[in-house]
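Per-entry structural report
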Amino acid sequence: MSTRQKARQELPLAATHQVRDACLCLHVQRAARSLARRFDEVLRLLDLSQGQFSLLMSLNRPEPPSIGNVASVLAMDRTTLTANLKPLERRGLVKVSVDKTDKRSRRLAISAAGRALLSKAYPVWQRTHAETERLITGIGSDAMRAALRALS
């Protein structure tokens, strides 16, 4: 028997099926991609993605947060967050400024145009979110959110 044939036999097809059927990571990733597509579709009319909506929503607060704070809220590294900010900044929806107390840090502020767009997007999100929650049967939305928070 060749080494190649031996390597193929070391992991049975049953293991592949077990991962396909039981892997929490796989199922959460599949659900996340499906949810993202659902929200991307409805927000597309406003020229927003679900990621941009979440980013703008994370800036909707009384004081401009730091990049680190927003990255933490969105579970994103700073480099990815910075890349995601650029299109919003170019569109005039977000303003990045130097922190007055720490010149090394940056603060993120949603602009008036960003707030106006977020106000249009929020009802779209509410409707889609309500429709999506109705699809969750058995455990209920609150239990699902609790389980997802436990994993994050």
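Now for a quick tour of the structure. (Residues numbered from 1 in each chain as written. Predicted model: local features only at pLDDT ≥ 70, side-chain atom pairs only at ≥ 80, totals over all residues. Heavy atoms only, no water.)

A look at a nonpolar patch on the surface
Where nonpolar side chains cluster on the molecular surface, the patch consists of V28, L148 and L151 and spans about 260 Å² of accessible area. The topology assignment puts L148 in helix 8 (residues 141-151). (Patch = residues over 30% accessible without salt bridge, like charges linked within 9 Å, V, L, I, M, F, W, Y side chains within 5 Å. Areas by Shrake-Rupley, 256 points an atom, 1.4 Å probe, with all protein chains shown as cover. Salt bridge = Lys/Arg side-chain N within 4 Å of Asp/Glu carboxyl O. Helix = DSSP H or I, 4+ residues; strand = E, 2+ residues; numbered from the N terminus.)

Comments concerning the packing of aromatic side chains
Here the structure, examined in full by the defined rule, presents 2 aromatic pairs. Between F53 and W125, the aromatic rings sit 6.3 Å apart at their centres with planes inclined by 20°, giving stacked as the arrangement. Of the two residues, F53 sits in helix 4 (residues 50-58) while W125 sits in helix 7 (residues 112-134), which places them 72 residues apart along the sequence. The buried category is assigned to F53, whose relative accessible area is 6%. Its relative accessible area of 26% is what places W125 among the partly exposed residues. (Phe/Tyr/Trp six-rings, centres within 6.5 Å; stacked < 30°, edge-to-face > 60°. Buried < 20%, exposed > 50% of the residue type's maximum accessible area, 1.4 Å probe, protein only.)

Description of the pattern of salt bridges
Throughout the structure, instances matching the rule amount to 6 salt bridges. One salt bridge connects E133 with R145, and the closest N-O pair in it is separated by 2.5 Å. On the criterion of sequence distance, the pair formed by E133 in helix 7 and R145 in helix 8 is long-range, its members being 12 residues apart. Relative accessible area serves as the criterion here: at 26%, E133 is assigned to the partly exposed category. With a closest N to O distance of 2.8 Å, D142 and R145 form a salt bridge. Of this pair, D142 and R145 both sit in helix 8, 3 residues apart, which is roughly one turn of that helix. Assessed through its relative accessible area of 57%, D142 is described here as exposed. Several salt bridges converge on common partners, so that one network encompasses E133, D142 and R145.

Let's talk about unusual backbone geometry
We note that D47 has phi near 60°; this positive angle belongs to a residue other than glycine. Along the polypeptide, D47 turns up in the loop between helix 3 (24-43) and helix 4. Even without being glycine, A75 reaches a positive phi, approximately 55°. Residue placement: A75 occurs in the loop between helix 5 (67-73) and helix 6 (78-90).

A few points about the packing of helix 2 (residues 13-22) against helix 3
The N-to-C vectors of helix 2 and helix 3 enclose an angle of 50°; their axes lie 6 Å apart at closest approach. Comparing their axes, helix 3 and helix 2 come out oblique. Facing helix 2, whose interface residues are V19, R20, D21 and A22, helix 3 presents L24, L26 and H27. In the contact of helix 2 with helix 3, the residues fall into 4 nonpolar, 1 polar and 2 charged. (Axes fitted to C-alpha atoms, helices over the stretch in contact; angles between N-to-C directions. Parallel < 35°, antiparallel > 145°, perpendicular 65-115°, else oblique. Contact = heavy atoms within 4.5 Å. Nonpolar A, V, L, I, M, F, W, Y, C, P; charged D, E, K, R; others polar.)

A closer look at the side chain of Q52
Within the secondary structure, Q52 sits in helix 4. Overall, Q52 belongs to the buried group, its relative accessible area being 16%. There is a polar contact of 3.0 Å between the side chain of Q52 and the backbone nitrogen of S49. Those residues in contact with Q52, other than ones at most four positions away along the chain, are D47, P87, L88 and R91. (Polar contact = N/O pair within 3.5 Å; in protein donor to acceptor, adjacent residues only side chain to side chain.)

By themselves these figures say nothing about function.
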